[in-house]
Amino acid sequence: MTTTTFTRLQLATRIHFALLRNLGEGIDVGRMLRQRDYADEALNVCRSLDDDGLFDLANRFEEATAAENAKVHMDVAAKAARAALALIPRRGPVTPQEMPWSQQTSGFGLTHTLEAEPPTPPVRRFSVSGWLGFGADSQERH
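Please read these numbers as outputs of a predicted model, since none were measured by experiment.

Scoring rules and cut-offs
- Residues numbered from 1 in each chain as written.
- Predicted model: local features only at pLDDT ≥ 70, side-chain atom pairs only at ≥ 80, totals over all residues.
- Heavy atoms only, no water.
- Helix = DSSP H or I, 4+ residues; strand = E, 2+ residues; numbered from the N terminus.
- Buried < 20%, exposed > 50% of the residue type's maximum accessible area, 1.4 Å probe, protein only.
- Core = buried A, V, L, I, M, F, W, Y, C linked by side-chain atoms within 4.5 Å.
- Contact = heavy atoms within 4.5 Å.
- Axes fitted to C-alpha atoms, helices over the stretch in contact; angles between N-to-C directions.
- Parallel < 35°, antiparallel > 145°, perpendicular 65-115°, else oblique.
- Left-handed = near helix turned anticlockwise from the far one by under 90°.
- Nonpolar A, V, L, I, M, F, W, Y, C, P; charged D, E, K, R; others polar.
- Salt bridge = Lys/Arg side-chain N within 4 Å of Asp/Glu carboxyl O.
- Polar contact = N/O pair within 3.5 Å; in protein donor to acceptor, adjacent residues only side chain to side chain.
- Expected span 1.5 Å × (residues − 1).
- Arc of directions from axis to C-beta.

Asker: Mind laying out the environment of Asn-44, listing which residues take part and the relevant values?
Answerer: Along the chain, the position of Asn-44 falls in helix 3 (residues 36–48). Its relative accessible area of 49% is what places Asn-44 among the partly exposed residues.

Structure representation (C-alpha coordinates):
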(Lines give C-alpha, C1' and ligand atoms only; values in the text may rest on other atoms or scores of the structure.)
Protein backbone atom coordinates (compact mmCIF):
# COMPACT_ATOMS: atom_id res chain seq x y z
CA MET A 1 0.00 0.00 0.00
CA THR A 2 1.49 3.33 -1.03
CA THR A 3 1.57 6.44 1.12
CA THR A 4 -1.17 8.17 -0.87
CA THR A 5 -3.42 5.09 -0.67
CA PHE A 6 -2.91 4.96 3.09
CA THR A 7 -3.66 8.69 3.33
CA ARG A 8 -6.83 8.23 1.29
CA LEU A 9 -7.86 5.33 3.57
CA GLN A 10 -7.34 7.48 6.67
CA LEU A 11 -9.27 10.39 5.17
CA ALA A 12 -12.15 8.17 3.99
CA THR A 13 -12.36 6.61 7.46
CA ARG A 14 -12.43 10.04 9.09
CA ILE A 15 -15.15 11.14 6.63
CA HIS A 16 -17.14 7.98 7.50
CA PHE A 17 -17.08 8.70 11.24
CA ALA A 18 -17.76 12.43 10.79
CA LEU A 19 -20.82 11.69 8.63
CA LEU A 20 -21.91 9.02 11.09
CA ARG A 21 -21.69 11.60 13.88
CA ASN A 22 -23.45 14.39 11.89
CA LEU A 23 -26.05 12.42 9.90
CA GLY A 24 -26.30 9.16 11.76
CA GLU A 25 -25.18 7.31 8.64
CA GLY A 26 -21.66 6.65 7.37
CA ILE A 27 -20.20 5.64 4.01
CA ASP A 28 -18.68 2.48 2.58
CA VAL A 29 -14.95 3.30 2.91
CA GLY A 30 -13.78 0.54 0.56
CA ARG A 31 -16.25 1.62 -2.12
CA MET A 32 -15.15 5.23 -1.74
CA LEU A 33 -11.55 4.20 -2.40
CA ARG A 34 -12.45 2.10 -5.47
CA GLN A 35 -15.27 4.00 -7.22
CA ARG A 36 -14.77 7.57 -8.31
CA ASP A 37 -18.52 8.29 -8.71
CA TYR A 38 -19.30 7.10 -5.18
CA ALA A 39 -16.42 9.17 -3.81
CA ASP A 40 -17.68 12.27 -5.66
CA GLU A 41 -21.15 11.84 -4.15
CA ALA A 42 -19.74 11.40 -0.65
CA LEU A 43 -17.53 14.46 -1.06
CA ASN A 44 -20.49 16.53 -2.31
CA VAL A 45 -22.42 15.53 0.81
CA CYS A 46 -19.45 16.60 2.96
CA ARG A 47 -19.33 19.98 1.24
CA SER A 48 -23.08 20.53 1.45
CA LEU A 49 -23.13 20.24 5.24
CA ASP A 50 -22.30 23.25 7.38
CA ASP A 51 -19.16 21.68 8.84
CA ASP A 52 -15.74 23.15 8.09
CA GLY A 53 -14.00 19.95 9.23
CA LEU A 54 -15.91 17.83 6.69
CA PHE A 55 -15.29 20.41 3.97
CA ASP A 56 -11.55 20.28 4.72
CA LEU A 57 -11.57 16.44 4.75
CA ALA A 58 -13.30 16.41 1.34
CA ASN A 59 -10.68 18.74 -0.13
CA ARG A 60 -7.81 16.72 1.34
CA PHE A 61 -9.31 13.47 0.01
CA GLU A 62 -9.51 14.97 -3.50
CA GLU A 63 -5.91 16.20 -3.29
CA ALA A 64 -4.71 12.75 -2.15
CA THR A 65 -6.67 11.12 -4.98
CA ALA A 66 -5.13 13.49 -7.52
CA ALA A 67 -1.64 12.77 -6.13
CA GLU A 68 -2.25 9.02 -6.34
CA ASN A 69 -3.54 9.33 -9.91
CA ALA A 70 -0.47 11.33 -10.87
CA LYS A 71 1.78 8.70 -9.29
CA VAL A 72 -0.03 5.92 -11.16
CA HIS A 73 0.36 7.80 -14.45
CA MET A 74 4.04 8.41 -13.75
CA ASP A 75 4.57 4.71 -12.96
CA VAL A 76 2.86 3.71 -16.22
CA ALA A 77 4.94 6.22 -18.18
CA ALA A 78 8.14 4.97 -16.51
CA LYS A 79 7.30 1.36 -17.42
CA ALA A 80 6.59 2.39 -21.02
CA ALA A 81 9.90 4.30 -21.16
CA ARG A 82 11.83 1.31 -19.80
CA ALA A 83 10.13 -0.96 -22.36
CA ALA A 84 11.03 1.46 -25.17
CA LEU A 85 14.64 1.64 -23.99
CA ALA A 86 14.83 -2.14 -23.93
CA LEU A 87 13.96 -2.19 -27.64
CA ILE A 88 16.92 0.02 -28.59
CA PRO A 89 19.78 -2.16 -29.84
CA ARG A 90 22.93 -1.87 -27.80
CA ARG A 91 26.24 -1.02 -29.44
CA GLY A 92 29.20 -3.22 -28.81
CA PRO A 93 32.40 -1.81 -27.40
CA VAL A 94 34.24 0.50 -29.77
CA THR A 95 37.89 -0.37 -30.28
CA PRO A 96 40.23 2.44 -31.31
CA GLN A 97 41.33 2.12 -34.91
CA GLU A 98 44.66 3.22 -36.28
CA MET A 99 44.13 6.01 -38.76
CA PRO A 100 47.12 6.51 -41.07
CA TRP A 101 45.53 9.52 -42.75
CA SER A 102 45.64 11.40 -39.42
CA GLN A 103 49.43 11.46 -39.53
CA GLN A 104 49.44 13.28 -42.88
CA THR A 105 47.45 16.30 -41.83
CA SER A 106 47.89 19.19 -39.44
CA GLY A 107 44.30 19.04 -38.28
CA PHE A 108 43.51 22.33 -40.01
CA GLY A 109 42.91 20.82 -43.44
CA LEU A 110 46.54 21.15 -44.58
CA THR A 111 48.16 18.00 -45.89
CA HIS A 112 51.69 19.42 -45.92
CA THR A 113 53.64 21.97 -43.91
CA LEU A 114 53.83 25.49 -45.19
CA GLU A 115 57.28 26.68 -46.21
CA ALA A 116 58.43 29.95 -44.76
CA GLU A 117 58.38 32.69 -47.38
CA PRO A 118 61.39 35.00 -47.65
CA PRO A 119 60.81 38.34 -45.98
CA THR A 120 59.76 41.11 -48.31
CA PRO A 121 61.73 44.36 -48.20
CA PRO A 122 59.95 47.26 -46.55
CA VAL A 123 58.13 49.53 -48.93
CA ARG A 124 59.46 53.08 -49.00
CA ARG A 125 56.78 55.62 -48.81
CA PHE A 126 56.92 59.17 -50.05
CA SER A 127 57.51 61.75 -47.36
CA VAL A 128 57.77 65.50 -47.73
CA SER A 129 60.68 65.74 -45.33
CA GLY A 130 62.65 63.17 -47.33
CA TRP A 131 61.88 64.94 -50.57
CA LEU A 132 63.07 68.25 -49.23
CA GLY A 133 66.24 66.69 -47.93
CA PHE A 134 65.91 66.87 -44.18
CA GLY A 135 64.51 64.56 -41.53
CA ALA A 136 64.98 60.85 -40.81
CA ASP A 137 64.48 59.80 -44.43
CA SER A 138 67.27 62.01 -45.72
CA GLN A 139 69.71 60.80 -43.04
CA GLU A 140 69.11 57.13 -43.99
CA ARG A 141 70.10 57.79 -47.61
CA HIS A 142 73.48 59.36 -46.70
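Asker: Kindly report on the nonpolar core, identifying the contributing residues and their values.
Answerer: Ranked by size, the top nonpolar core spans 18 residues in total, and within it Ile-15, Ile-27, Met-32 and Phe-61 carry the most contacts. Mapped onto this core, the elements with two or more residues apiece are helix 1 (3–23), helix 2 (29–34), helix 3 and helix 4 (52–87). Apart from the residues within four sequence positions on either side, Met-32 is in contact with Arg-8, Ala-12, Ile-15, Ile-27, Tyr-38, Ala-39, Ala-42, Leu-43 and Phe-61.

Asker: Now, about the packing of helix 3 against helix 4: what can you tell me, with residues and values included?
Answerer: Two numbers describe how helix 3 lies on helix 4: the axes approach to 8 Å, and their chain directions differ by 155 degrees. Comparing the axis directions of helix 3 and helix 4 gives the class roughly antiparallel. Viewed along their axes, helix 3 and helix 4 form a crossing whose handedness is left-handed. In this structure, helix 3 contributes Arg-36, Ala-39, Leu-43, Cys-46 and Arg-47 to the contact, and helix 4 contributes Leu-54, Phe-55, Ala-58, Asn-59, Phe-61, Glu-62 and Thr-65. Classifying every residue of the contact of helix 3 with helix 4 by side-chain character gives seven nonpolar, two polar and three charged.

Asker: Explain the pattern of salt bridges to me, and be specific about the residues and the numbers.
Answerer: Oppositely charged side chains can form a pair if their charged atoms are brought close together. This structure, assessed with the given rule, holds five salt bridges. The closest approach of N and O atoms between Glu-68 and Arg-8, which form a salt bridge, is 3.5 Å. One end of the pair, Glu-68, is in helix 4; the other, Arg-8, is in helix 1, and 60 residues separate them in sequence. Neither residue differs from the other here; Glu-68 and Arg-8 are each classed as buried. As a salt-bridge pair, Arg-60 and Asp-56 come within 3.8 Å of each other at their nearest N and O atoms. Taken as a pair, Arg-60 and Asp-56 lie in helix 4 at a separation of four residues, close to a single helical turn.

Asker: Lay out the side chain of Thr-65 with the relevant residues and their values.
Answerer: Relative to the elements of secondary structure, Thr-65 occurs in helix 4. According to the relative accessible area criterion, Thr-65 is buried, its value standing at 6%. Of the polar contacts made by the side chain of Thr-65, one reaches the backbone oxygen of Phe-61; its length is 2.8 Å. Residues contacting Thr-65, with those up to four places away along its chain left out, are Arg-8 and Arg-36.

Asker: Could you give an account of helix 3, with specific residues and numbers?
Answerer: End to end, helix 3 covers 18 Å across 13 residues, agreeing with the expected 18 Å (1.5 Å per residue, within 8%). Among all positions of helix 3, only Tyr-38, Ala-39, Ala-42, Leu-43 and Cys-46 are buried. Buried residues of helix 3, viewed axially, fall in a sector of 130 degrees; they line one side. Those residues of helix 3 that are exposed and angled more than 90 degrees off the buried face are Asp-37, Glu-41 and Ser-48.

Asker: So what's going on with the environment of Leu-11? Residues and values would help.
Answerer: Examined against the element boundaries, Leu-11 turns out to sit in helix 1. For the pair Leu-11 and Asn-59, spaced 48 residues apart in the sequence, the C-alpha separation amounts to 10.0 Å.

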